[in-house]
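Analysis of the macromolecular model
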Amino acid sequence: MKIRAAVLEEFGQPLGVQEVELAEPRGGEVLVRLVACGVCHTDLYTASGADPSGYAPAVLGHEGAGVVERVGPDVTSLREGDHVVTLFSPQCGECVHCVDPRTNLCMAIREQQNKGYLPDGSTRISRGGEEIRHFMGCSTFAEYTVMPEIALAKVNPEAPFEHVCLFACGLSTGLGAAINTAAVAPGSTCVVFGAGMVGLGAVAGCRLQGAERIVCVDLSPERLELARGQGATDVIVGGEGTVEAILEMTGGFGADYTFEATGNVAVMRQAVEAARMAWGLCTVAGVAGKGETLDIVPRLLITGRRVAGSSFGGVKGRDQVPVLVERALAGEIDVAPFISHRISLDEVNRGFELMEAQDGIRSVIEFN
Ligand SMILES: NC(=O)c1ccc[n+]([C@@H]2O[C@H](COP(=O)([O-])OP(=O)(O)OC[C@H]3O[C@@H](n4cnc5c(N)ncnc54)[C@H](O)[C@@H]3O)[C@@H](O)[C@H]2O)c1
Ligand SMILES: [Zn+2]
Ligand SMILES: [Zn+2]
């Protein structure tokens, strides 16, 4: 079928919204009609050419929500009409990692997905016989996409699409960092560095876990206001003296849990240093630039601080995204303030511009 999609043709150039060919789903695959899709930093990172593993031509986008239009052979868990969230982090349910509660890093389709192919090593998207690759296994800057069944989470159809699409990446990453990776204990003190989609999600996650004190650090006073709305009890404008400020607020000890959601390695270091001696846990969710390293004084570790990384918040997508969506429907997570702009697919490059200008938290593409 012919569909419209935003194609990354050349790194550093605007995406080209155009007609491309989408083939029918094969075994274990599903055709999804997109209804809403967030514009995320990872899309921009790849479009800019900064990502060394990027490939082109490719249809970008990975924060999608939509409706199952058709299922291919051997698909058993989804059917026409189901509402789904796209998962760049799939859950096959059978691999060595899927059967272990300690991780969400499914191994089933990793190799092909990293290269922009569906699990059988081919693409369903093309243009005049030329193959176009699937970004992060999703390619949701498109009216329709074909994805593996194991990379789609079925969610409650009562949830608005523009809300559920945010659970495809940033929001679940932040929530999960607090709920899964750190497993914040009730009554604790938490510090979240960064108040973008991921950091605000982490603030909300700390609140859901029953943290008593949640300090959010960001450079933008407007974003710090949003953090208050998600449950931050204290806010700090970030800078050189942030660690000292946090130590002062915590009787000289530091926080039980710290979270890093900026991608800046200097802030990661602050997050480690702001964690409490004896048991403080620093969870790193930000993605650093290529070749950058994190500096930690080893004594901080010997005296009991720990550092953990978190991919997609440790969320096992098919099982846990639907639960997070239910919690939003139940009023436990306030999703609306994250949506700052609603744009059309044709305006996708404007979504990138808004993000570069730090104008709002998320632009959401709405498909009609
Ligand atoms: N681990 C994962 O699975 C995963 C998933 C999605 C995104 N990410 C990464 O998480 C990070 C955050 O993503 P986002 O969408 O929230 O980005 P964002 O750019 O919207 O938010 C980052 C925030 O950090 C703040 N910041 C910058 N420098 C700071 C400093 N010195 N002190 C305090 N705050 C500072 C900015 O003001 C901004 O509000 C990015 O690195 C992104 O690549 C990781
Ligand atoms: Zn993303
Ligand atoms: Zn798996």
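Worth saying up front: this structure is predicted, and the values here are computed from it rather than measured.

The helix and strand tally for the protein chain stands at 11 helices and 18 strands. A compact globule built from 368 residues would reach a C-alpha radius of gyration of about 21 Å, and the protein chain, at 20 Å, matches this within 12%. A principal-axis box enclosing the C-alpha atoms of the protein chain has dimensions of 65 × 40 × 35 Å. Sorting the 368 residues of the protein chain into buried and exposed places 56% on the buried side. For the protein chain, the share of sequence-separated contacts (at least 6 apart) that also reach a separation of at least 24 residues comes to 71%. Counting every atom, the protein chain has about 15,100 Å² of accessible surface; 50% of that belongs to carbon and sulfur.

Judged by nonpolar contacts, the single largest core of 88 residues is most densely connected at Phe-141, Phe-167, Phe-259 and Val-321. If near-sequence neighbours (up to four positions away) are discounted, Phe-259 is found in contact with Ala-177, Ala-178, Ala-182, Val-184, Cys-190, Val-191, Val-192, Phe-193, Ala-202, Cys-206 and Thr-283. Listed in part, the 16 residues of the second largest apolar core include Phe-193, Val-267, Val-272 and Cys-282.

Sheet architecture is open: six strands sit in the order S13-S12-S11-S14-S15-S16, paired in parallel fashion. Two strands bound the open sheet, and with one partner strand each, they are strand S13 (234-237) and strand S16 (306-309). Going across the sheet, the axis of each strand differs from the next one's by a mean of 20 degrees, ignoring polarity. Across four bridges, the pairing between strand S15 (residues 281-284) and S16 is parallel. Paired with Leu-281 across the two strands is Arg-306, which belongs to S16. Across the sheet, helix H5 (residues 197-208) touches strand S11 (189-193), strand S12 (213-218) and strand S14 (257-260), and the angle it forms with S11 is around 170 degrees.

Attention shifts here to the site of ligand 1. Looking at ligand 1, there are 24 residues lining it, with Asp-218, Arg-223, Ala-285, Ser-310 and Phe-312 nearest. One of the backbone N or O atoms of Val-198 is found 3.0 Å from an oxygen atom in ligand 1. Separating a nitrogen atom of ligand 1 from a backbone N or O atom of Ser-310 is a distance of 2.9 Å. Out of a free accessible area of 860 Å², ligand 1 has 87% covered by protein chains. Listing elements by their share of the shell around ligand 1, those giving two or more residues are H5 and S12. Broken down by class, the residue content of the shell around ligand 1 amounts to 11 nonpolar, 10 polar and three charged.

Further remarks concern H5. Taking 1.5 Å as the rise per residue, H5 with 12 residues should run 16 Å; its terminal C-alpha atoms sit 16 Å apart, in good agreement. By the criterion of burial, H5 is predominantly enclosed, with 10 of the 12 residues buried. Taken residue by residue, H5 has Met-197, Gly-199, Leu-200, Gly-201, Ala-202, Val-203, Ala-204, Gly-205, Cys-206 and Leu-208 as its buried positions. A positive backbone phi angle near 85 degrees is found at Gly-210, which sits one or two residues after H5.

At 2.0 to 2.2 Å from the zinc ion (ligand 2) lie its protein donor atoms, namely Cys-40 (SG), His-62 (NE2) and Cys-169 (SG). Along the chain, the residues donating to the zinc ion (ligand 2) fall in the pattern C-x21-H-x106-C. Residue Cys-40 is located in the loop between strand S3 (29-38) and helix H1 (41-48), and its partner Cys-169 is located in the loop between helix H3 (161-164) and helix H4 (170-181); the two are separated by 129 residues in the primary sequence. For Cys-40, a relative accessible area of 5% gives the class buried.

Geometrically, the link from Ala-56 to Pro-57 is a cis peptide bond, its omega value of -5 degrees lying close to zero. Position of Pro-57 among the secondary structure elements: in the loop between H1 and strand S4 (58-59). For Ser-139, which is not glycine, the phi torsion reads 50 degrees and is therefore positive. The buried category is assigned to Ser-139, whose relative accessible area is 1%. If you check the backbone angles, Gln-358 has positive phi at about 55 degrees while not being a glycine. Relative to the elements of secondary structure, Gln-358 occurs in the loop between helix H11 (348-356) and strand S18 (362-366).

About the cut-offs
- Residues numbered from 1 in each chain as written.
- Chains lettered and ligands numbered in written order.
- Predicted model: local features only at pLDDT ≥ 70, side-chain atom pairs only at ≥ 80, totals over all residues.
- Heavy atoms only, no water.
- Helix = DSSP H or I, 4+ residues; strand = E, 2+ residues; numbered from the N terminus.
- Rg over C-alpha atoms; globule rule 2.2 N^0.38 Å.
- Buried < 20%, exposed > 50% of the residue type's maximum accessible area, 1.4 Å probe, protein only.
- Contact = heavy atoms within 4.5 Å.
- Areas by Shrake-Rupley, 256 points an atom, 1.4 Å probe, with all protein chains shown as cover.
- Core = buried A, V, L, I, M, F, W, Y, C linked by side-chain atoms within 4.5 Å.
- Pairing = 2+ DSSP bridges.
- Axes fitted to C-alpha atoms, helices over the stretch in contact; angles between N-to-C directions.
- Near = heavy atom within 4 Å.
- Polar contact = N/O pair within 3.5 Å; in protein donor to acceptor, adjacent residues only side chain to side chain.
- Nonpolar A, V, L, I, M, F, W, Y, C, P; charged D, E, K, R; others polar.
- Expected span 1.5 Å × (residues − 1).
- Donors = N, O, S within 2.8 Å, 3.2 Å for Na, K, Ca; no water.

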